[in-house]
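Structural features, examined
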Amino acid sequence: VLAKEVNGLKHITIYQGQSKVELRPAHAYSGYVEKYVLTIDGQEVQLNKNEEITLKSSSALEQITAFYSNDNTVEVETPYTKVTHFGKTVSIEEKSMADGNHCGLCGDYNLDKRADIKSPKGCVFSSNKLAALSYRSKSSQCKPLSQKIQEQISTEESKCVKYETKNTHAKSIFDSEVNKSHSIRKHTYIFKEDKICISQEPVAQCTQKSMPMAMKKKTIKYVCLPEGRVAKLYAERIERGESPQELRHQPVAFKVQQDQPISCRPRMQ
């Protein structure tokens, strides 16, 4: 998500996969926005009050929607972010998992605020404001930074304090406890006609060398995707034990009652 300010109003650009969405105020009176211009991949899209429109929907997990409310705000929602334009200000809500792999002015999203905002070169500055200014685009459309600010940024980058995460024994302890419990929580998926359907939430499963001691029925919700590149990537993530948080925001295709283990025990050798 990129932003620039023009005459006190925010112009937003959102990249989602191969798509580019642009949103900007078209008319404003005394700072009050009366109309917006929305385009996707260069094509303008009509916005109507209290109407949600789908900008792109090649699959459930690549859907982009826009909603223009009665209070003159516009929400653009992708599988990973929700951007709300209030006219003069913009809010960004992150929907994906806190994995620490994010970057930019919203932070790295690892839930540790100590080195949240880094410069484009990955440096931790002495102030978040200075780090934010280091993202200023050098173009004719943006006012250049003062000489003083540029010198401060150069000084910070020459020092370039880096944030590093070191592994501890906590992971091995956690893995050991998981093995002792003989159960894990992991998404399950099934193939249905020409689609792959993934459980919306992780479900309890016994580990490979264990078996159920007791079972109970539970309703499992499934999200379905057409077989292809995106579905394959999700299947690979699930096999690695990941839990894609964006699945929770996708429409449920169907529900089934399935047996789930309450507890597991090692298989007899």
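Residues numbered from 1 in each chain as written. Predicted model: local features only at pLDDT ≥ 70, side-chain atom pairs only at ≥ 80, totals over all residues. Heavy atoms only, no water.

1. Considering the sheet that holds strand E7 (residues 64-68)
Strands sit in the order E6-E7-E8-E9-E10 across an open sheet of 5 strands; the sheet is antiparallel. Each edge of the open sheet carries a strand with a single partner, namely strand E6 (51-56) and strand E10 (90-94). Sheet twist, expressed as the average angle between the axes of neighbouring strands with direction ignored, equals 15°. The pairing of strand E9 (residues 81-85) with E10 spans 5 bridges and is classified as antiparallel. Across the sheet, Thr84 pairs through a bridge with Ser91, a residue of E10. (Pairing = 2+ DSSP bridges. Helix = DSSP H or I, 4+ residues; strand = E, 2+ residues; numbered from the N terminus. Axes fitted to C-alpha atoms, helices over the stretch in contact; angles between N-to-C directions.)

2. A closer look at the sheet that holds strand E12 (residues 189-192)
Taken in spatial order, the 4 strands line up as E12-E13-E15-E16 in an open sheet, and their pairing is antiparallel. Of all the strands in the sheet, the pair left with one neighbour each is E12 and strand E16 (254-266). Sheet twist, expressed as the average angle between the axes of neighbouring strands with direction ignored, equals 35°. Across the sheet, helix H4 (residues 229-239) touches E12, strand E13 (195-199) and strand E15 (210-226), and the angle it forms with E13 is around 35°. (Contact = heavy atoms within 4.5 Å.)

3. Here's the deal with the nonpolar core
Most often, soluble globular proteins have nonpolar side chains that are buried together. Val21, Leu38, Leu47, Leu55 and Val76 are the most contacted members of the largest nonpolar core, which totals 18 residues. When near neighbours in sequence (up to four residues on either side) are disregarded, Leu47 contacts Tyr36, Leu38, Ile53, Ala66, Tyr68 and Val74. (Core = buried A, V, L, I, M, F, W, Y, C linked by side-chain atoms within 4.5 Å. Buried < 20%, exposed > 50% of the residue type's maximum accessible area, 1.4 Å probe, protein only.)

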